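Chain residues, written in single-letter form:
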Amino acid sequence: MAKEFLEHHLNMNRRRFLSRLGVGVGSVALGSLMIPDLFGSKEKDALVAGLPHFAPKAKRIIYLFQNGAPSQLDLFDYKPKLIEMFGEDLPASIRMGQRLTGMTANQAKFPLAPSAFKFDQYGQSRAWISELLPHTASVVDELCIIKSMYTEAINHDPALTFFQTGAQVGNRPSMGSWLSYGLGSENKNLPAFCVLLSRGKGNGQGVYSKLWSNGFLDSVHQGVQFSSGDHPVLYLNDPESVSKEDRRKMLDKLSELNQDSYNEFGDPEITTKIQQYEMAYRMQTAVPDITDLSKEPESIVKMYGPDCLVPGTFAANCLLARKLSENGVRFVQLYHQGWDAHDNLPGQMKGQCQDVDQASAALITDLKQRGLLDETLVIWGGEFGRTNYCQGKLEKENYGRDHHPRCFTIWMAGGGVKPGVVYGETDDFGYNIVKDPVHVHDLHATILHLMGLNHEELTYKHLGRRYRLTDVSGNLVKGIIA
């Protein structure tokens, strides 16, 4: 117990130690060489955990998570064979006994459903993009499109949790929390990990605070949710009767009391509370300015679309994500709900794509013209894909698709990934991967690598075991790294 407490204590105080040495939290690799050999190797490793393991390609991440699972077959993975075989039963040799959800397991047939939308090739990569995404098609040469993602989870909650935390069960730190723990924040007035929520026109799946939880990491690493109301961060403002000077005096006295408690009990969460109070105090000045989108020039509003001035929309959150990112927030996570199209998929997807297409492309363009795209990794995608067969009644212009974890598409841009690349392939039915499979753990390992972190070394000891985002798996996807 004493040994574990010492490790935890050293872990908590590494940034204070480094700051006294004049080593910034954002310093790049080889920072460990600046640390005197005052400790043993294990203690020294704990102290330098706040530094990248090597020179990063990206400094920060904006993750545009499309909650509910967009249909890759209607957006990115063009399959002419499905047009030829419209309505025919999915061959058993293709399905190979894959387990199905309870929503389609009892269907007598699995009729193949081609996309109702036209596709064309764009850019130097000649990537196939649906007519639903004209703005995305215009920036295709900035994108690295991965068509061979796969996961084990077949239902929304475990699949969504898996993508965020590397585990299908709860109480694990999210990716943003791991990055906060490993790298800290670039701006002392803002948290390292921020969360934005929006709801689209389609059938939505819920999102829960466990998705941006710190899990067993110190609570200072938990994601801070921004709302669309008058107060983007709840309980941040002082009551009307409390002045800024009174708040400062109160925090100073509270810090003294908490420090006394820490000296007596040694609980690291006490020092975490002190940090959180101080962060909230500093955010009172920084947050109102950053969340005020009314000062954006007309050219930016035109780029993102008029919805960017409507708080809580996907477009507004994309613009806010850019502002948070350029002000040093390490990880900005957007969740856009509405992609769960088990029926009337064509109708639902038209609305969803109208919500996200222009703003997603605008974010790429905006970051690039500000010189920020090279150091900002943008990720777009959902928790799994959609089946090539119809759920329910099949019509040429109306069909639904069930969950499909065996293959789906995401895209990435900036931050050290190859632009204008299509990585991985699926079979002619869009059902199985035939080239370069990418598991969720592989994606996590690669994201951490781009941020200068070795996924096998970014660990935290909890209940006698060392945990990491990639659990005991994960391989770098070298083919997408620039």
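What you are looking at is a predicted structure, and each value in this text was computed from that prediction instead of being measured.

The rules behind the values
Each chain has its residues counted from 1, following the order in which its sequence is written. Where totals are concerned, whole chains, interfaces and linings use all residues; where local detail is concerned, this predicted model gives features only for residues with pLDDT of at least 70, and gives and counts side-chain atom pairs only at 80 or more. Hydrogens and water are ignored here; the side-chain numbers use all heavy atoms of the structure. Under the scheme applied here, a residue whose accessible area is under 20% of the maximum for its type counts as buried, over 50% as exposed, and between as partly exposed, the area being computed with a 1.4 Å probe on protein chains only. A run of H or I in DSSP becomes a helix once it reaches four residues, and a run of E becomes a strand once it reaches two; helices and strands are each numbered from the N terminus. Here is the rule: rings of Phe, Tyr and Trp (six-membered ring for Trp) pair when centre to centre is within 6.5 Å. Planes less than 30 degrees apart are stacked, more than 60 are edge-to-face, and the remainder are tilted. Note on terminology: a nonpolar core comprises buried Ala, Val, Leu, Ile, Met, Phe, Trp, Tyr and Cys residues joined through side-chain atoms within 4.5 Å. Working rule for contacts: check all heavy atoms of both residues, and any pair within 4.5 Å makes them a contact. For this document, the term salt bridge refers to a Lys or Arg side-chain nitrogen within 4 Å of an Asp or Glu carboxyl oxygen. Looking at any residue, its pLDDT shows the predictor's confidence there, from 0 to 100. Pairing between two strands is assigned when DSSP locates at least 2 bridges connecting them. Every definition here rests on a 1 Å grid over the protein atoms only: cavities are sets of points where a 1.4 Å probe fits but cannot get out, pockets are open sets enclosed by protein on both sides within 12 Å along at least five of seven lines, and lining residues have some atom within 4 Å of a point. Grid points are joined across faces, edges and corners, and a volume is the space filled by probe spheres set on the points. Gly counts as polar in this scheme, as do all residues outside two lists: the nonpolar Ala, Val, Leu, Ile, Met, Phe, Trp, Tyr, Cys and Pro, and the charged Asp, Glu, Lys and Arg. Multiply 1.5 Å by the residue count of a helix minus one, and that product is the helix's expected span.

1. What about helix α7 (residues 175-183)?
One turn of the α-helix equals 3.6 residues, which is why residues spaced by three or four share an orientation.
Part 1 of the argument: The element α7 is extensively covered by neighbouring structure, given that 9 of its 9 residues are classed as buried.
Part 2 of the argument: The set of residues buried in α7 consists of Met175, Gly176, Ser177, Trp178, Leu179, Ser180, Tyr181, Gly182 and Leu183.
Part 3 of the argument: Phi for Gly184, located one or two positions after α7, is positive at around 75°.

2. Quick look at the packing of aromatic side chains
Part 1 of the argument: Following the criterion strictly, the structure yields 17 aromatic pairs and no others.
Part 2 of the argument: Ring plane angle 65° and centroid distance 5.9 Å describe the contact between Phe65 and Phe163, whose orientation is recorded as edge-to-face. Remark: Phe163 occurs in helix α6 (residues 156-165) and Phe65 occurs in strand β1 (residues 60-67); sequence separation between them is 98 residues. The two residues Phe65 and Phe163 agree in class, both being buried.
Part 3 of the argument: Members of the aromatic cluster, connected to one another through ring pairs, are Tyr63, Phe65, Phe163, Trp212, Tyr335 and Phe408.

3. Here's the deal with the nonpolar core
Part 1 of the argument: Within the largest apolar cluster, 56 residues are counted, with the highest numbers of intra-cluster contacts made by Leu64, Leu75, Tyr304, Leu334 and Trp411.
Part 2 of the argument: Counting residues per element, this core draws most heavily on helix α12 (residues 345-369), at 10 residues.
Part 3 of the argument: Not counting residues up to four positions away in its chain, the partners in contact with Leu64 are Phe314, Cys318, Leu334, Ser360, Leu363, Val378, Ile379, Trp380 and Gly381.
Part 4 of the argument: Residues Met149, Trp212, Val438 and Leu448 belong to the second largest nonpolar core, which totals 50 residues.

4. Description of unusual backbone geometry
Part 1 of the argument: In this structure, Asp436 is a non-glycine residue whose phi angle is positive, near 55°.
Part 2 of the argument: As for its placement among the helices and strands, Asp436 is situated in the loop between β14 (433-435) and β15 (438-439).
Part 3 of the argument: A residue is classified by how much of its surface remains accessible, and Asp436, at 28% relative accessible area, is partly exposed.
Part 4 of the argument: With phi around 55°, Leu463 is a residue other than glycine that occupies positive phi space.
Part 5 of the argument: By secondary structure assignment, the location of Leu463 is in the loop between β16 (460-462) and β17 (465-467).
Part 6 of the argument: The exposure class assigned to Leu463 is exposed, which follows from its relative accessible area of 75%.

5. Looking at the pattern of salt bridges
Part 1 of the argument: On inspection of all chains with the given rule, the structure shows 19 salt bridges.
Part 2 of the argument: Linking Asp77 and Lys79 is a salt bridge whose minimum nitrogen-to-oxygen distance equals 3.6 Å. Each member of the pair, Asp77 together with Lys79, is buried.

6. Let's talk about the confidence of the model for the protein
Part 1 of the argument: Per-residue confidence for the protein gives a mean pLDDT of 85, with 81% of residues at or over 70.
Part 2 of the argument: For residues 1-49, every residue scores under 50 in pLDDT, and the model assigns this stretch 76 contacts once sequence neighbours within four places are set aside.

7. What about the side chain of Arg322?
Part 1 of the argument: Mapped onto the elements, Arg322 comes out in helix α11 (residues 314-326).
Part 2 of the argument: Excluding anything up to four places from it in sequence, Arg322 contacts Ile62, Glu296, Ile300, Tyr304, Leu363, Asp366, Leu367 and Arg370.

8. Points about the pairing of strand β4 (residues 143-150)
Taken residue by residue, a regular strand's side chains alternate between the two faces of the sheet.
Part 1 of the argument: Among the 8 residues of β4, 7 are classified as buried, and the element is accordingly described as predominantly covered.
Part 2 of the argument: Alignment of β4 against strand β11 (residues 408-413), held across 5 bridges, turns out to be antiparallel. Among the inter-strand pairings, Cys144 is bridged to a residue of β11, identified as Met412.
Part 3 of the argument: Direction of pairing for β4 relative to strand β12 (residues 421-423): parallel, over a ladder of 3 bridges. Within β12, the residue paired with Ile145 across the bridge is Val422.
Part 4 of the argument: Inspection of the sheet shows β4 paired to β15 by 2 bridges, in the parallel sense. If you follow Met149 over to β15, its bridge partner there is Val438.

9. Digging into empty space enclosed by the protein
Part 1 of the argument: All told, the structure shown has 3 cavities of 30 Å³ or more when counted by the stated rule.
Part 2 of the argument: Its volume calculated, the largest cavity comes out at about 50 Å³.
Part 3 of the argument: Lining the largest cavity, in full, are Pro70, Gln72, Phe76, Trp380, Gly382, Phe384, Gly385, Phe408 and Thr409.
Part 4 of the argument: Taken together, the residues that form the lining of the largest cavity break down as 5 nonpolar, 4 polar and no charged.
Part 5 of the argument: As a volume, the second largest cavity reaches approximately 40 Å³.
Part 6 of the argument: In terms of lining residues, the second largest cavity is bounded by Thr165, Gly166, Ala167, Arg172, Pro173, Trp178, Phe216, Tyr467, Arg468 and Leu469.
Part 7 of the argument: Each residue belonging to the lining of the second largest cavity can be placed in one class, and the counts come to 6 nonpolar, 2 polar and 2 charged.

10. Brief notes about α12
Part 1 of the argument: With 25 residues, α12 should cover 36 Å at 1.5 Å per step; its first-to-last C-alpha distance of 35 Å lies within 8% of that length.
Part 2 of the argument: Where burial is concerned, most of α12 is hidden: 18 out of the 25 residues are buried.
Part 3 of the argument: A positive phi of about 75° marks Gly371, the residue just after α12.

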